[in-house]
Amino acid sequence: MNDFDAFPPTPLTLEIAEIVLAITPIRIGEIPALLAAVRPFAHRLVDGDPDWLALLADNGDALITAIAVASRRPQEWVSGLAMDDAIRLATALFEVNADFFVQRVVPTIQLAAARINAQMSGPLAGLTPSTV
């Protein structure tokens, strides 16, 4: 273990909508809500340069929830942001938490999807359960 690993990370300071935010990595207690929010679009975060407008168009509510959780701000505040501020905030949150998303969330979701696909294409695929 590196001696510096014990120190908390230096927050990324960002001013959004006249509020100065200290962006830090996600905390353990925030993970369940964040995972629930990013599940619909986690696979689109893999390349490290997400198309925020496409994500907003396809998964707007989930993205807003994820931004609210990761920024520790109310969802109504995030919903009221100007588009450029929302993109700057989402980018900063992703950069600070990229390691978490790319190395933990995406592989876990991909593994779960592969297991589900394997079960659906197995010997019982296409059979419907009995209603009796």
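The structure presented is a predicted model; accordingly, all values stated were derived computationally and were not measured.

**A closer look at helix α1 (residues 31–38)**
Because the α-helix completes a turn every 3.6 residues, residues three or four places apart line up on one side. Every buried residue belonging to α1 is among Ile31, Leu34, Ala37 and Val38, and all of these are buried. The buried residues of α1 occupy an angular sector of 130° when the element is viewed end-on, so they sit on one face.

**Some remarks on the environment of arginine 73**
Mapped onto the elements, arginine 73 comes out in the loop between α2 (52–71) and α3 (75–79). Judged by relative accessible area, arginine 73 falls into the partly exposed class, the value being 25%. Beyond its immediate stretch of four places on either side in the chain, arginine 73 contacts Ile19, Leu21, Ala68 and Val78.

**Things to note about the pattern of salt bridges**
Oppositely charged side chains can pair when the atoms bearing their charge come close. Using the criterion set out here, one finds three salt bridges in the structure. Of the charged contacts in the structure, one is a salt bridge between arginine 72 and glutamate 30, with a shortest N-O distance of 2.5 Å. Linking arginine 72 in the loop between α2 and α3 with glutamate 30 in the loop between β2 (19–23) and α1, this pair joins segments that are 42 residues apart in sequence. We classify glutamate 30 as buried; its relative accessible area is 15%. With a shortest N-O distance of 3.4 Å, arginine 88 and aspartate 85 are connected by a salt bridge. Separated by three residues within a single helix, arginine 88 and aspartate 85 lie in helix α4 (residues 83–120), roughly one turn from each other. Look at arginine 88 and you get partly exposed, because its relative accessible area is 38%.

Rules of the game
Residues numbered from 1 in each chain as written. Predicted model: local features only at pLDDT ≥ 70, side-chain atom pairs only at ≥ 80, totals over all residues. Heavy atoms only, no water. Buried < 20%, exposed > 50% of the residue type's maximum accessible area, 1.4 Å probe, protein only. Helix = DSSP H or I, 4+ residues; strand = E, 2+ residues; numbered from the N terminus. Arc of directions from axis to C-beta. Contact = heavy atoms within 4.5 Å. Salt bridge = Lys/Arg side-chain N within 4 Å of Asp/Glu carboxyl O.

Function-wise, these values are silent; they only describe arrangement.
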